[in-house]
Amino acid sequence: MFDSLSDKLDLLFKKLRGQGVMTEDNIKDALREVRMVLLEADVNFKVVKDFVERVRERAIGSQVLQSLSPGQQVIKIVHEELVALMGGGEDNSLDLAAKPPVAIMMVGLQGAGKTTTCGKLAKFLKGQRRRPLLVPADVYRPAAIEQLKTLGRQLSLEVFDARADQDPVDICREALRYAGLSGFDTVIFDTAGRHQIDDFLMNELARIKEVVEPREILFVADAMTGQEAVNVAAGFNERLDITGVVLTKLDGDAKGGAALSIRAVTGRPVKFVGLGEKLDALEVFYADRLVSRILGMGDVLTLVEKAQSVFDEKEAVRLQQKLKKSQFDLEDFRSQLQQIKKMGSLESLMGMIPGMGKAMKQLQGAQPSEKELKRIEAIIDSMTRDERADHSIINGSRRLRIAKGSGTTVQEVNQLLKRFSEAQRVMKQLQKLGPKGLMKGMGRKMLPF
Amino acid sequence: MSVEKKGFFKGLMDKLSGAEAPTASGESQPAPPPGETKPGFFERLKQGLSKTHESLIGRIDTLVLGKKEIDADTLEELEEILITADIGVQTTVELIRTLEQRMKRKELQDGDALKAALKEEILARLSRHAAPLDTDTASPYVIMVIGVNGVGKTTTIGKLASRFTTAGKKVLLVAGDTFRAAAAEQLEIWGKRADADVVRHQEGADPSAVVFDGCRAAVARKSDILIIDTAGRLHTKVNLMEEMKKVRRVLGREIPGAPHETLLVLDAATGQNAISQTRLFKEAAEVSGLVLTKLDGTAKGGIIVAVSNEFDLPVRYIGVGEGVDDLREFEPTQFVEALFQ
């Protein structure tokens, strides 16, 4: 993978130190880097070209600000322009202001994640006290109807009863009527995946649209899509005039540059992002976060939110109390480890911290790996409750037993105990320094932003 | 909304409508505030983008048109064209270096020679590993199919099964995707179509347990080929990758040498991320072959050139549709022709 854009640019601008104004000449290389980063993030080449042109115009002749390095300044311009391109700040909420039942149509290529997103969206709407009906209109893929029905059962939501031998347009028409009669206020139509050049199936979508008059037509797109995103999005938008985009599978390491291409070609806002396979892994889209991700600037906000969502509030308060009384023991240490693990892989977490991408490379091997964490957990698991509460009682024979029980060596047990004692000491010192901001902020609300 | 249509946007429009003039001269007007002009901007961009679905060869033609000599600038632009065909940064740089060397040896005198040389180089990289799957080397021959979510694993397995049963083999399918709703049902339908038995458990069961049963059944029923479906997983999810490793361990324990083939399924529309996918799947599961799916759309699957080249992996099959027969053996020559169309 590549280092972050800001590192690259800083390097390029080192030789320019002392120059007050950016000129055509001295930003040429920088713009090339910008271009490569965007291309590597799968942003369509035409979008990139026009975008770089725009950045060039803004950058040339602009004064280098005192507080920023030229590299940072280009980054700032790039960041601002990208956020603007992604429609940062504009309203991207779901528009359901119509006479119920309001219809939402989900469309997209095969495997983009339409059915799963239908389930997530239904859960999201249920959370907003709406009463959604799920309608399976995919009669082509084997067991697609069954998949939506299963999701419906998991969510305790009704799924319209359709069969694979029915015409999708008929299913949709009947479902809408049924929804009206049965008091559903929202209807989500899960359509079959199709290529935008498949005339027959695209016609079918157009007919469904005519019949159900959807308030929202959401184009579901895989974040890993490459240059092709432009053709697909254009194809769907031309035929259906989509109202928004859902970007799925953003929980991987794809940069998601396809979102920029789709936005550029359709002008429609990204409304949601899919961040996992579980049904609650749907989030409202924020332009600035995606842009930071593309530029490799880290994603602190997502990290903080992730931390907030998995850290148990009560647990945090309990830990804080223990910290105050300097009673932090191995048991607490383990529960902290478990909470960290819930947030995902360490590597992906590190990637969200600005500047860590590069630091990680240097640290390769130095930081505790996923495996090491597991061993640490195993060691703590092999201790008795008394030992966890007070590790000073762990003598030689106990160490041997713990090592055997956890499949590790006495050295590893020693190392863990040593590290833990150190950590404990540091915490005591922090307490003395004044626990006000630091631990409180960490425990209850993570960071203050 | 959009009143301002000068400056940047006008230039943009001109550029998109054909005339490629990448100089910024004469556009000294400050760019209008983005909020006011977005619709105009998108309108134009949209027109430009959808008007010409520019092909690889089209762009290369434009690039070399009228050039008597190929110079460094041309190669630099070619580099960008290749990257944007999803061919990947590393492979592109490698291709350009080779072309540079050939240029120095005066082999590339004009545009046509450049095009021919490029095709040749890409073909060479794809053919290096071209190899059909030989399922006669073991019985039961175990194929494990892996990949990220939604690339078409189950569909590919259905088509594979049908290929093998048509060839007179006895095929057993294992529904190792116990996570996604109705994944096993999907595989069962394919099994019926292909006339292959399916071993499945309840949803949420341990995939390793299903695979264990599948192995036992395959041996007991004397199946020729055992195909393992797995749940889609993003390559960055450590726990899911571990689960997959466990499935492999169970396979190896129950049937010596299994899995004999581990197929990684890639979606033709995927961009640079396919490289990351392949790297991590290969690390975790010793991928031995690739399948490229969804080539029936407009996606050309350029990324397969990068993946096959960077990881020394053969492309075994390509998927060109949703029908049972829409799985073909990979033919490098045909593929490169299509890529350049």
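Preceding this section is the structure that the text describes.
As the structure is a prediction and not an experimental result, all values here were calculated from the model.

S.K.: Got a minute to help me understand the overall build of chain B in this structure?
M.R.: From N to C terminus, chain B includes 13 helices and eight strands. Looking at chain B residue by residue over its 341 residues, the buried ones come to 57%. Pairs at least 24 residues apart make up 76% of the contacts formed inside chain B by residues separated by at least 6 positions. Carbon together with sulfur atoms contributes 49% to the accessible area of chain B, which is approximately 14,300 Å² in total.

S.K.: Explain a positive patch on the surface to me, please; I cannot follow it from the model alone.
M.R.: A surface patch of positive charge is lined by Lys371(A), Lys374(A), Arg249(B) and Arg253(B). Mapped by element, the contributors of at least two residues to the positive patch are helix 17 (370–381) of chain A together with helix 10 (238–254) of chain B. Inspection of the secondary structure assignment puts Arg249(B) in helix 10.

S.K.: Would you take a moment to explain the environment of Val305(B) for this structure?
M.R.: Residues and elements named next belong to chain B. If you trace the backbone, Val305 turns up in helix 12 (residues 303–311). As for Val305 and Arg125, which are separated by 180 residues in sequence, their C-alpha atoms are 7.4 Å apart. Contacts of Val305, omitting those with residues within four sequence positions, involve Ile87, Thr91, Ile122, Leu126, Phe335 and Leu339.

S.K.: What is the right way to read empty space enclosed by the protein from this model?
M.R.: Residue and element names in this part refer to chain A. One pass over the full model with this rule turns up ten cavities of 30 Å³ or more. Of the voids in this model, the largest cavity is the one considered here, and its volume is about 150 Å³. Ranked by residue count, the leading element in the lining of the largest cavity is strand 4 (residues 216–222), at four residues. Split by residue class, the lining of the largest cavity holds ten nonpolar, four polar and three charged.

S.K.: What should I look at first to understand the pattern of salt bridges in this one?
M.R.: A side chain of one charge can pair with a side chain of the opposite charge if their charged atoms are brought near each other. Under the counting rule described, the total for this entry stands at 47 salt bridges over all chains. One salt bridge in this structure joins Arg398(A) and Glu387(A), with 2.9 Å as the shortest N-O distance. Taken together, the residues Arg398(A) in helix 19 (residues 396–406) and Glu387(A) in helix 18 (residues 385–389) connect sequence positions eleven residues apart. Residue Glu387(A) is classed as buried on the basis of its relative accessible area of 0%. The salt bridge partner of Glu329(B) is Arg163(B), with a shortest N-O separation of 3.2 Å.

S.K.: What exactly am I supposed to notice about the pairing of strand 5 (residues 261–267) of chain B here?
M.R.: For a regular strand, side-chain orientation follows a simple rule: the groups alternate between the two sheet faces. Residues and elements named next belong to chain B. Within strand 5, seven of the seven residues are buried, leaving the element largely enclosed by the surrounding structure. In strand 5, alternate side chains face the same way, and those of Glu261, Leu263, Val265 and Asp267 on one face and Thr262, Leu264 and Leu266 on the other are all buried. The pairing of strand 1 (residues 141–146) with strand 5 spans four bridges and is parallel. Each residue of the ladder has a partner; that of Ile143, found in strand 5, is Glu261. In terms of strand pairing, strand 5 meets strand 6 (residues 289–293) through five bridges, oriented parallel. Following the sheet pairing, Leu264 is matched in strand 6 by Leu290. In this region the chain leaves strand 5, passes through helix 11 (residues 273–285) and returns to the parallel neighbour strand 6; the handedness of that crossover is right-handed.

S.K.: Would you mind showing me how to read the environment of Glu216(A) here?
M.R.: Residues and elements named next belong to chain A. One can find Glu216 in strand 4. Accessibility expressed as a relative area gives 0% for Glu216, which makes it buried. Between the C-alpha atoms of Glu216 and Leu94, which are 122 residues apart in sequence, the distance is 7.6 Å. If sequence neighbours within four positions are ignored, Glu216 has contacts with Ser93, Leu94, Asp95, Ala103, Ile104, Met105, Thr243, Gly244 and Lys271. Side-chain polar atoms of Glu216 contact the side chain of Thr243, separated by 2.5 Å. Reaching out from Glu216, the side chain makes a polar contact with the side chain of Lys271 at a distance of 2.7 Å.

S.K.: Would you take a moment to explain the sheet that holds strand 6 of chain B for this structure?
M.R.: Strand pairing in a sheet relies on backbone hydrogen bonds, with the paired strands running either antiparallel or parallel. Residues and elements named next belong to chain B. Spatial strand order, 3-2-4-1-5-6-7-8: eight strands in an open sheet with mixed pairing. Across the chains shown, the open sheet's two edge strands, defined by having one partner strand only, are strand 3 (197–199) and strand 8 (327–329). Going across the sheet, the axis of each strand differs from the next one's by a mean of 25 degrees, ignoring polarity.

S.K.: Even after reading the chapter, I still don't get the sheet that holds strand 6 (residues 270–274) of chain A, so can you show me in this structure?
M.R.: Residues and elements named next belong to chain A. Strands sit in the order 2-3-1-4-5-6-7 across an open sheet of seven strands; the sheet is mixed. Lying at the two open borders of the sheet, with one neighbouring strand each, are strand 2 (132–137) and strand 7 (282–284). When the angles between neighbouring strand axes are averaged without regard to direction, this sheet yields 25 degrees. Packing of helix 7 (residues 168–182) onto the sheet brings it into contact with strand 1 (102–108), strand 2 and strand 3 (186–191), and relative to strand 2 it is tilted by some 165 degrees. Lying over the sheet, helix 8 (residues 199–212) contacts strand 1, strand 3 and strand 4, oriented at roughly 170 degrees with respect to strand 1.

S.K.: What's the story with a negative patch on the surface in this structure? I'm lost.
M.R.: A cluster of acidic side chains, namely Glu69(B), Asp71(B), Asp73(B) and Glu77(B), defines a negative patch on the protein surface. Structurally, the position occupied by Asp71(B) is in the loop between helix 3 (56–64) and helix 4 (72–87).

S.K.: I tried to follow the environment of Thr408(A) on my own but got confused; where do I start?
M.R.: All names here are of chain A. Within the fold, Thr408 resides in the loop between helix 19 and helix 20 (410–433). Each C-alpha atom of the pair Thr408 and Asn26 lies 57 Å from the other, and the pair is 382 residues apart in sequence. If we ignore the near neighbours within four places in the chain, the residues touching Thr408 are Arg375, Ile379, Ala403 and Val413. Among the polar contacts made by the side chain of Thr408, one reaches the side chain of Ser406 at a distance of 2.8 Å.

S.K.: I would appreciate a short explanation of helix 9 (residues 229–240) of chain A in the present structure.
M.R.: Residues that lie three or four places apart on an α-helix share one face, since the helix turns once every 3.6 residues. Residue and element names in this part refer to chain A. Taking 1.5 Å of rise per residue, twelve residues should cover 16 Å, and helix 9 covers 16 Å from first to last C-alpha, within 8% of that figure. The buried fraction of helix 9 amounts to ten of the twelve residues, a majority that puts the element mostly inside the structure. Among all positions of helix 9, only Ala229, Val230, Asn231, Val232, Ala233, Ala234, Gly235, Phe236, Asn237 and Leu240 are buried. Directly beyond the C-terminal end of helix 9, a positive phi value near 55 degrees is found at Asp241.

S.K.: Explain the state of the cysteines to me, please; I cannot follow it from the model alone.
M.R.: Defined simply, a disulfide is a covalent bond joining two cysteines at their sulfur atoms. Going through the model one piece at a time under the given rule, you end up with zero disulfides over all chains. Here Cys118(A) stays unpaired: no disulfide links it, and the sulfur of Cys172(A), its closest cysteine neighbor, is 11 Å away.

S.K.: Where do I start with the nonpolar core in this structure?
M.R.: Within soluble globular proteins, side chains that are nonpolar generally end up buried alongside one another. Among the nonpolar cores identified, the biggest contains 98 residues, and Leu78(B) and Ile227(B) are the most heavily contacted of them. Every residue in contact with Ile227(B), bar those within four places of it in the chain, is listed here: Ile143(B), Val145(B), Ile157(B), Leu160(B), Ala161(B), Phe164(B), Val171(B), Leu172(B), Leu173(B) and Val174(B). Ranked by size, the runner-up nonpolar core spans 78 residues in total, among them Val83(A), Met105(A), Leu109(A) and Ala137(A).

S.K.: How do you make sense of the side chain of Lys294(B) when you look at a structure like this?
M.R.: Relative to the helices and strands, Lys294(B) is located in the loop between strand 6 and helix 12. Owing to a relative accessible area of 12%, Lys294(B) belongs among the buried residues under this scheme. A polar contact is formed between the side chain of Lys294(B) and the backbone oxygen of Gln110(A), at a distance of 2.7 Å. For Lys294(B), the contacting residues outside a window of four places in its chain are Gln110(A), Gly111(A), His195(A), Gly150(B), Val151(B), Asp267(B), Ala268(B) and Gly319(B).

Thresholds applied
- Residues numbered from 1 in each chain as written.
- Chains lettered and ligands numbered in written order.
- Predicted model: local features only at pLDDT ≥ 70, side-chain atom pairs only at ≥ 80, totals over all residues.
- Heavy atoms only, no water.
- Helix = DSSP H or I, 4+ residues; strand = E, 2+ residues; numbered from the N terminus.
- Buried < 20%, exposed > 50% of the residue type's maximum accessible area, 1.4 Å probe, protein only.
- Contact = heavy atoms within 4.5 Å.
- Areas by Shrake-Rupley, 256 points an atom, 1.4 Å probe, with all protein chains shown as cover.
- Patch = residues over 30% accessible without salt bridge, like charges linked within 9 Å, V, L, I, M, F, W, Y side chains within 5 Å.
- Salt bridge = Lys/Arg side-chain N within 4 Å of Asp/Glu carboxyl O.
- Lys, Arg positive; Asp, Glu negative; His and termini not counted.
- Charge placed at Lys NZ, Arg CZ, Asp CG, Glu CD.
- 1 Å grid on protein atoms, 1.4 Å probe; cavity = no way out; pocket = protein on both sides within 12 Å on 5 of 7 lines; lining within 4 Å.
- Points joined across faces, edges and corners; volume = space filled by probe spheres on them.
- Nonpolar A, V, L, I, M, F, W, Y, C, P; charged D, E, K, R; others polar.
- Pairing = 2+ DSSP bridges.
- Right-handed = clockwise from strand over helix to strand, strands pointing away.
- Polar contact = N/O pair within 3.5 Å; in protein donor to acceptor, adjacent residues only side chain to side chain.
- Axes fitted to C-alpha atoms, helices over the stretch in contact; angles between N-to-C directions.
- Expected span 1.5 Å × (residues − 1).
- Disulfide = S-S within 2.5 Å.
- Core = buried A, V, L, I, M, F, W, Y, C linked by side-chain atoms within 4.5 Å.

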